[in-house]
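This is what each chain is made of:
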Amino acid sequence: MIEFKSLVFYVLSFVLIASGLSVITSRNPVTAALSLVLAFFNAAGIWLLLHAEFLAIALVLVYVGAVMVLFLFVVMMLDINLDKLREGFWDYLPMAGFIGVLMMIEMVMVFKTKQFNLLPVTEPISNTSNTEMIGNTLYSDYVLPFELASVVLLIAIISAIALTLRDRRDSKKTNPADQVAVKRADRVRIVQMKSEEKYLKPKRR
């Protein structure tokens, strides 16, 4: 008889594959984005079954909570004609199928190596949590690739700002240095005027 854990794994895997197919076959971009959210949730559930709680929470918080919300805002705000973009979609199916099969073969070859012959999940490796183990491994053995990835992300942020920052003549902007260096005499001027008696005296009836 099949175990409950295996049944949950098969259910999550089936929904993950179905939602992934819905992402690439759906004609409505909002439906595709929501299907991708469902795929992320099912992938997080599979990671929970593998006792990778940190990766599951990071997937839900980062991708579902931030990236997919941004995707939905962009898709719903921009009026994109996707019919023209999808023209000739099935023409690339043979090449895409060949690349997909090739990637599957490579993944099978990698997972059959000795480095992936891990212990069963039921046997605890140590008393530390997987979050602590990830942190120790990331900031000790892989500290150089981690720093390189941070530099690449910083360059990407600066490049995105530089590409979108354009000087326009019709746009109004202020100089913070001029605002800080301003003096009271430049902004406020006290004017003394003589008062007229006819406005100060009360009217007699």
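Criteria and thresholds
Residues numbered from 1 in each chain as written. Predicted model: local features only at pLDDT ≥ 70, side-chain atom pairs only at ≥ 80, totals over all residues. Heavy atoms only, no water. Helix = DSSP H or I, 4+ residues; strand = E, 2+ residues; numbered from the N terminus. Buried < 20%, exposed > 50% of the residue type's maximum accessible area, 1.4 Å probe, protein only. Contact = heavy atoms within 4.5 Å. Areas by Shrake-Rupley, 256 points an atom, 1.4 Å probe, with all protein chains shown as cover. UniProt positions renumbered as here; feature names shortened; annotations may be inferred. Axes fitted to C-alpha atoms, helices over the stretch in contact; angles between N-to-C directions. Parallel < 35°, antiparallel > 145°, perpendicular 65-115°, else oblique. Phe/Tyr/Trp six-rings, centres within 6.5 Å; stacked < 30°, edge-to-face > 60°. Core = buried A, V, L, I, M, F, W, Y, C linked by side-chain atoms within 4.5 Å.

Enquirer: Which residues make up the overall build of the chain, and what values do they have?
Expert: Broken down by element type, the chain carries 10 helices and 0 strands. In the chain, the succession of α and β elements from N to C terminus is α-α-α-α-α-α-α-α-α-α. Taken across its 205 residues, the chain has 11% of its residues classed as buried. Taking all contacts inside the chain whose residues are at least 6 apart in sequence as the whole, residues at least 24 apart take part in 59%. Of the roughly 18,700 Å² of accessible surface on the chain, a fraction of 68% belongs to carbon and sulfur atoms.

Enquirer: Describe the UniProt feature "transmembrane region" (unreviewed entry) in the chain, listing the residues and the values that go with them.
Expert: UniProt's entry tags residues 6–24, 31–50, 56–80, 92–111 and 142–165 with the feature "transmembrane region" (unreviewed entry), counted in the numbering of this structure. Within the segment residues 6–24, helix and strand shares are 100% and 0% respectively, and the terminal C-alpha atoms sit 27 Å apart. Secondary structure content for residues 31–50 is 95% helix and 0% strand, while the C-alpha to C-alpha distance between its ends is 29 Å.

Enquirer: Account for the packing of helix H2 (residues 29–49) against helix H3 (residues 53–77), naming residues and giving values.
Expert: Interhelical geometry of H2 versus H3 gives an angle of 175° and a closest axis separation of 9 Å. Relative to H3, the element H2 is oriented roughly antiparallel. Note on element contacts: H3 touches H2 through Glu 53, Leu 55, Ala 56, Leu 59, Val 60, Tyr 63, Val 64, Met 68, Leu 72, Val 75 and Met 76, opposite Pro 29, Val 30, Ala 33, Leu 34, Leu 36, Val 37, Phe 40, Phe 41, Ala 43, Ala 44, Trp 47 and Leu 48.

Enquirer: Lay out the packing of aromatic side chains with the relevant residues and their values.
Expert: Taken as a whole, this structure holds 3 aromatic pairs when the rule is applied. Between Phe 40 and Tyr 63, the aromatic rings sit 5.4 Å apart at their centres with planes inclined by 50°, giving tilted as the arrangement. In this pair, Phe 40 sits in helix H2 while Tyr 63 sits in helix H3, placing the two residues 23 residues apart along the sequence. Judged by its relative accessible area of 17%, Phe 40 is buried.

Enquirer: How would you summarise the side chain of Asn 42 if you had to cite specific residues and measurements?
Expert: Along the polypeptide, Asn 42 turns up in helix H2. Given the relative accessible area of 7%, Asn 42 is considered buried.

Enquirer: Tell me about the nonpolar core, and please be specific about residues and values.
Expert: Soluble, globular proteins show a tendency: their nonpolar side chains are buried together. Core analysis: the biggest nonpolar cluster contains 10 residues, these being Ala 33, Val 37, Phe 40, Ala 43, Ala 44, Ala 56, Leu 59, Val 64, Met 68 and Leu 72. Breaking this core down by element, the ones donating at least two residues are H2 and H3.

Enquirer: Requested: an account of the packing of H3 against helix H6 (residues 130–138), with residues and values cited.
Expert: The angle between the axes and the distance between the axes are what describe a pair of packed helices. Packing of H3 against H6 brings their axes to within 8 Å, and their N-to-C directions diverge by 85°. Put simply, H3 runs roughly perpendicular to H6. Judged by residue contacts, Glu 53, Phe 54 and Leu 55 of H3 engage Asn 130, Thr 131 and Ile 134 from H6.

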